[in-house]
Amino acid sequence: MTETLAPALDPDTGRPRLSRLADDDLELLLLIRHFELKLLQLYGRGELNGTTHTCLGQEYVPVALRPLLGAADFVFSNHRGHGHYLARFGDAPGLLAEIMGREGAVCGGVGGSQHIHRDRYLSTGVQGESLPVAAGVAMHLRRTEPGALACVYIGDGTWGEGAVYEALNLAALWRLPLLIVVENNGIAQSTPTAAQMAGTVAGRAAAFGVDHHLVVSGDVNEIRTGLEPLVARVREGRPLVAEFVTHRLGPHSKGDDTRPPEVIRAAEENDWYARYAQDHPEHFHRFDGPVRALVEGVADDVAARPPSRWSPCA
Amino acid sequence: MRVAENLNAALHGLLDDDPTAYVLGEDVLDPYGGAFKITKGLSARFPDRVITTPISEGALTGVAAGLALTGNTAVAEIMFGDFATLAFDQLCNFAAKSVSMYGSRLPLRMVVRCPTGGGRGYGPTHSQSLQKHFVGMPGLALYEMSPFHDNREVFAAMVDRGEPCLFFEDKILYTRPMGQADPLFAVRRDGELAVVDPVVPELAARPDCVIVAPGGTAHRALEAMRSLLMEEEISCRLLVPSRLYPLDVEALLPYLGEVVLVAEESTAGGTWGGEVAHLVHQRVWDRLRGPVRLVCSAASVIPTAAHLEREVLITGSAIHRAVREALRD
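In this text the structure is predicted, and so the values were computed from the model without any measurement.

As a further point, take the overall build of chain A. When its secondary structure is counted, chain A shows 12 helices and 10 strands. Here the C-alpha radius of gyration of chain A, 19 Å, is about what a compact globule of 314 residues would show, namely 20 Å. In terms of its C-alpha atoms, chain A occupies a principal-axis envelope of roughly 60 × 50 × 35 Å. For chain A, buried positions account for 50% of its 314 residues. Excluding contacts between residues fewer than 6 apart, the proportion of contacts in chain A whose partners are at least 24 apart in sequence is 76%.

Another point: the overall build of chain B. Each helix and strand in chain B was counted, giving 12 helices and 13 strands. Taking 20 Å as the expected radius of gyration for a compact globule of 329 residues, we find that chain B reaches 19 Å, a close match to that expectation. If you line up chain B on its principal axes, its C-alpha atoms span 55 × 45 × 35 Å. For chain B, buried positions account for 52% of its 329 residues. Residue pairs at least 24 apart in sequence account for 76% of intrachain contacts in chain B once pairs closer than 6 positions are excluded.

Let's shift gears to the packing of helix H1 (residues 23–44) of chain A against helix H3 (residues 82–89) of chain A. Residues and elements named next belong to chain A. Packing of H1 against H3 leaves a shortest axis separation of 10 Å and a crossing angle of 140°. Regarding the angle of H1 to H3, the classification is oblique. As for how H1 packs across H3, the hand of that crossing is right-handed. Residues Leu28, Leu31, Ile32, Phe35 and Glu36 of H1 form the contact with H3, whose participating residues are His82, Gly83, Leu86 and Ala87.

Turning our eyes to something else, we now look at the interface of chain B and chain A. Residue-level contacts link 23 residues of chain B with 27 residues of chain A. Those elements that provide at least two residues to the side of chain B that touches chain A are helix H3 (57–69) and helix H4 (88–98) of chain B. The element best represented in the side of chain B that touches chain A is H3(B), accounting for 9 residues. Its residues placed into classes, the side of chain B that touches chain A shows 11 nonpolar, 10 polar and 2 charged.

What follows concerns unusual backbone geometry. Omega for the peptide link from B:Asp30 to B:Pro31 comes to 5°, which places this bond in the cis form. Looking at where B:Pro31 falls in the secondary structure, it is placed in the loop between strand S1 (21–25) and helix H2 (42–45). Note the cis peptide between B:Tyr245 and B:Pro246, where omega equals -10°. With phi around 50°, A:Arg175 is a residue other than glycine that occupies positive phi space.

The subject of this paragraph is the domain arrangement of chain B. Residues and elements named next belong to chain B. Per the domain assignment, the segments making up chain B are domain 1 (3–175) and domain 2 (185–328). Its C-alpha centre places domain 1 at a distance of 26 Å from the equivalent point of domain 2. Contacts between domain 1 and domain 2 engage 28 residues on the former and 25 residues on the latter. Those elements that place two or more of their residues in the side of domain 1 that touches domain 2 are helix H5 (131–134), strand S5 (141–144), helix H6 (151–161) and strand S6 (165–170). If you tally residues by element for the side of domain 1 that touches domain 2, the top one is S5, at 4 residues. Its residues assigned to classes, the side of domain 1 that touches domain 2 shows 13 nonpolar, 12 polar and 3 charged.

Let us now look at helix H10 (residues 272–284) of chain B. Over its 13 residues, H10(B) extends 18 Å from the first C-alpha to the last, a length consistent with the 18 Å expected when each residue adds 1.5 Å. Restricting attention to buried positions, one finds in H10(B) the residues B:Trp272, B:Gly273, B:Glu275, B:Val276, B:Ala277 and B:Val280.

Our next topic: the sheet that holds strand S10 (residues 236–241) of chain B. Residues and elements named next belong to chain B. The strand order across the open sheet formed by 6 strands is S7-S8-S10-S9-S12-S13, and the pairing between neighbours is mixed. Pairing within the sheet leaves two strands with one partner each, and these edge strands are strand S7 (185–190) and strand S13 (293–297). Looking at each pair of strands side by side, their axes are set apart by 25° on average, direction ignored. On the sheet, helix H8 (residues 215–232) packs against S7, strand S8 (193–198), strand S9 (209–212), S10 and strand S12 (260–267) and is oriented at approximately 175° with respect to S10. Strands in contact with helix H12 (residues 316–328) are S9, S10, S12 and S13; relative to S13, the strand with the most contacts, it is inclined by about 160°.

Turning to the UniProt feature "domain: Dehydrogenase E1 component" (unreviewed entry) in chain A, a few remarks are in order. The UniProt entry lists residues 31–277 of chain A under the feature "domain: Dehydrogenase E1 component" (unreviewed entry), expressed in the numbering used here. For the annotated span residues 31–277 of chain A, helix accounts for 43% and strand for 15% of the residues, and the straight-line distance between the end C-alpha atoms is 15 Å.

This brings us to the environment of B:Arg293. Residue and element names in this part refer to chain B. Along the polypeptide, Arg293 turns up in strand S13. For the pair Arg293 and Val260, spaced 33 residues apart in sequence, the C-alpha to C-alpha distance is 6.4 Å. Look past the residues within four positions of Arg293 in its chain and what remains in contact with it is Leu261, Ala322 and Ala326.

In this section: helix H4 (residues 92–100) of chain A. Residue and element names in this part refer to chain A. Burial analysis of H4 places 8 of its 9 residues in the buried class, the great majority of the element. Those residues of H4 that are buried lie in contact with H1, H3 and helix H12 (281–303). One or two steps after H4, the chain reaches Gly101, where phi turns positive at roughly 65°.

Residue and element names in this part refer to chain B. Spatial strand order, S2-S1-S3-S4-S6-S5-S11: 7 strands in an open sheet with mixed pairing. The strands lining the two open edges of the sheet, one partner per strand, are strand S2 (50–52) and strand S11 (243–245). The mean inter-strand angle of the sheet, taken between neighbouring strand axes irrespective of direction, is 25°. Bridge count for S1 against strand S3 (residues 73–77) is 5 bridges, and the pairing is parallel. Within S3, the residue paired with Leu24 across the bridge is Ala76.

All names here are of chain B. Following the sequence through the fold, Leu294 ends up in strand S13. By the C-beta count within 10 Å, which is 18 here, Leu294 ends up partly exposed. Along the backbone, Leu294 and Val262 are 32 residues apart, and their C-alpha atoms lie at a distance of 5.0 Å.

Each value, and the rule that gives it
Residues numbered from 1 in each chain as written. Chains lettered and ligands numbered in written order. Predicted model: local features only at pLDDT ≥ 70, side-chain atom pairs only at ≥ 80, totals over all residues. Helix = DSSP H or I, 4+ residues; strand = E, 2+ residues; numbered from the N terminus. Rg over C-alpha atoms; globule rule 2.2 N^0.38 Å. Buried ≥ 20, exposed ≤ 12 C-beta atoms within 10 Å, placed from the backbone. Contact = placed C-beta atoms within 7 Å. Axes fitted to C-alpha atoms, helices over the stretch in contact; angles between N-to-C directions. Parallel < 35°, antiparallel > 145°, perpendicular 65-115°, else oblique. Left-handed = near helix turned anticlockwise from the far one by under 90°. Nonpolar A, V, L, I, M, F, W, Y, C, P; charged D, E, K, R; others polar. Domains from an automatic or database assignment. Expected span 1.5 Å × (residues − 1). Pairing = 2+ DSSP bridges. UniProt positions renumbered as here; feature names shortened; annotations may be inferred.

If you want it as structure tokens, here you go:
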């Protein structure tokens, strides 16, 4: 197991200062943040159908990974996947249209928030299900496009599914270029990790002889530096479990947060958004307002579109 | 040629012709060649594309889906079809859904082979015919092996469909000959439908009863047809579709008469036959003397001991009795 070292603490706040982000990283982080906030607002107004799962607080995970993944790599996402999609394509209108069932939807409004397929990106709504599929894809890539990998995002709760272990076994056994990114936000819907997981993710990876890398930092640059050589090894057929200790800022879906206030407060204190605003106010404010306005504009545009069209028997 | 050899040849042919084809499953490598020897010789000829897997039916089905997702043709073997339950999520929620849930059609060339059925004393968890549990799943097609359908042709049809297919192989058929052995009857094909009629033209022209049966039950239907003809001068026609779901009921219609019966090995309740009956009723209710009759195995677990197993599973004599009852009403 390797661990990303935490940087020096800020003498005023007693916590690590976030390093300065590249403009495009900051913009992407903010895009995901404002997209998710907008969704909750739209749901609150009853303008969306069904449910959604926002990644508030976890936006930095796919942003940190973005330049480490190439166009030839497959990305498998899950129910909490808006950030993964936006980090891959930056396509807020297509995603919002999908969630709202409007013209221009990525998947015609059929898949909705948690079932999206575009090029080499695919998300599914059943926990753990995509891991064996990703193993098959990784097998194909190893044979036909050496150097490409399959990346699967899962959560801490996903480790309750047997499919995870069947796939881990195959990944190690067949030396598959499989990168498993675990967003361990400490809570599976309403159940704290401590109430649903014996042992650790690291221990489970170790049981299969699969490398494990623990990321406790929320600093995009630092995370990247730590992951870069490990992701390169995945490409050579050495699977990796990269576990991010992260925080789910918002509810599981909408208005269903039963966590005690101190737990939510801890998540808020770790939130990159407030931290970056404090650590780099000028940079933050240069982008925050414009990106928020951009998302507002996207929402207005998409809401005004006609419903998406799809034929069940197509 | 025996059915198992025909199936094995079909897999050889598929790997020969399609460089993206994979066969994967438990114990499929030589010299073992699969629990029922269906994959014999494949790994020796195609070592890179015949893959032995751990005992992980869910994962191996998922891997097959992943291979299909990346443009390959994947054939997965579930050692006993009973274990397809362990792959239900991959089949129902991933493979079948993926064909259409992303808004535009995503073709998947994927076949999951399921050795199926009883009669070999393997007991309650190794003898089932689980077809009925997969009927009606959008994006998943069900086929059944039959002595009247060349497996090469059936595999081509399944692969061409571009959606996941389950292929049910009644284990009893493996050692039986391809084609028709009973001189009383003649088989002809109309597209994917096999039509078996008495060789005597007058009997064939106007059958008293039409039996619809999937491939694994066909020989029991034929046994009943023989005894009905010889003992009671009742003539029957047998229809064996290759694809069970979605069923091409239009193909059956020209061959149906006033009395129709569906025979299958599934245990009673929620059966494929119920689906067939409904489709037939919708189209030709007026032409029927009575509702389509269903004959299947008892609503029971399938026992291991031979004498008990015989009591539960559908037999030729059960079909014989059902035809007589149908004609008496």
